[in-house]
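# What the coordinates show
One-letter residues, chain by chain:
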Amino acid sequence: MVVSSALAAAPVPSVGASPPASAGTSATATAGPRAALDALNYSPTSRTLKPTAVHTTSGIVENPQNVLSGQPTRISGSQSAITLDFGKEVGGPTTL
């Protein structure tokens, strides 16, 4: 048996917001509530983020702090790793 469910989410109007725009109104009528929702958007303004700190290292890692300024950092040996702190929740592929 396969069970599935779907959640429908509608934007939560802010205090004093105008009622939702109907199909016949312009897009500018929703600018006020959209601005209120943009304040809750924590996405970075750029797709390129730099780490703010080195969280931990394991194994052989030479000059781990150099990675913060774009300088050479050597990670060598089996099971060696460096964990970076970006100062916020991030996800996706990493390019060094």
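Here the structure is a predicted model, which means the values were calculated and not measured.

### What to know about the environment of Ser69
- Here Ser69 lies in the loop between β1 (53-62) and β2 (74-85).
- We classify Ser69 as exposed; its relative accessible area is 52%.

### With respect to unusual backbone geometry
- Unusually for a residue other than glycine, Asn63 sits at a positive phi of about 55°.
- Checked against the element boundaries, Asn63 lands in the loop between β1 and β2.

### Notes on the layout of surface pockets
- Approximately 730 Å³ is the volume attributed to the largest pocket.
- Leu49, Phe86, Pro93, Thr94 and Thr95 are, among the 25 residues lining the largest pocket, the residues nearest its centre.

### Digging into the pattern of salt bridges
- Within the structure shown, the criterion is met by 1 salt bridge.
- The residue Glu62 makes a salt bridge to Arg74 at a minimum N-O spacing of 4.0 Å. Placement of the pair is Glu62 in strand β1 and Arg74 in strand β2, with a sequence separation of 12 residues.
- The class for Glu62 is partly exposed, based on a relative accessible area of 40%.
- We classify Arg74 as exposed; its relative accessible area is 53%.

### Digging into the confidence of the model for the chain
- When pLDDT is averaged along the chain, the result is 75; 67% of the residues meet or exceed 70.
- Taken element by element, the chain is modelled with least confidence in helix α1 (residues 31-38), mean pLDDT 76, and with most confidence in β1, mean pLDDT 96.
- Note on residues 1-8: pLDDT is under 50 here. Beyond four places in sequence and across chains, it has 0 contacts.

### What to know about a nonpolar patch on the surface
- Nonpolar side chains collect at one region of the surface, where Leu37, Leu40 and Tyr42 lie side by side and expose about 380 Å² of accessible area between them.
- Along the chain, Leu40 falls in the loop between α1 and β1.
- Residue classification places Leu40 among the exposed residues on the basis of a relative accessible area of 57%.

So, how was this worked out
Residues numbered from 1 in each chain as written. Predicted model: local features only at pLDDT ≥ 70, side-chain atom pairs only at ≥ 80, totals over all residues. Heavy atoms only, no water. Helix = DSSP H or I, 4+ residues; strand = E, 2+ residues; numbered from the N terminus. Buried < 20%, exposed > 50% of the residue type's maximum accessible area, 1.4 Å probe, protein only. 1 Å grid on protein atoms, 1.4 Å probe; cavity = no way out; pocket = protein on both sides within 12 Å on 5 of 7 lines; lining within 4 Å. Points joined across faces, edges and corners; volume = space filled by probe spheres on them. Salt bridge = Lys/Arg side-chain N within 4 Å of Asp/Glu carboxyl O. pLDDT = per-residue confidence, 0-100. Contact = heavy atoms within 4.5 Å. Patch = residues over 30% accessible without salt bridge, like charges linked within 9 Å, V, L, I, M, F, W, Y side chains within 5 Å. Areas by Shrake-Rupley, 256 points an atom, 1.4 Å probe, with all protein chains shown as cover.

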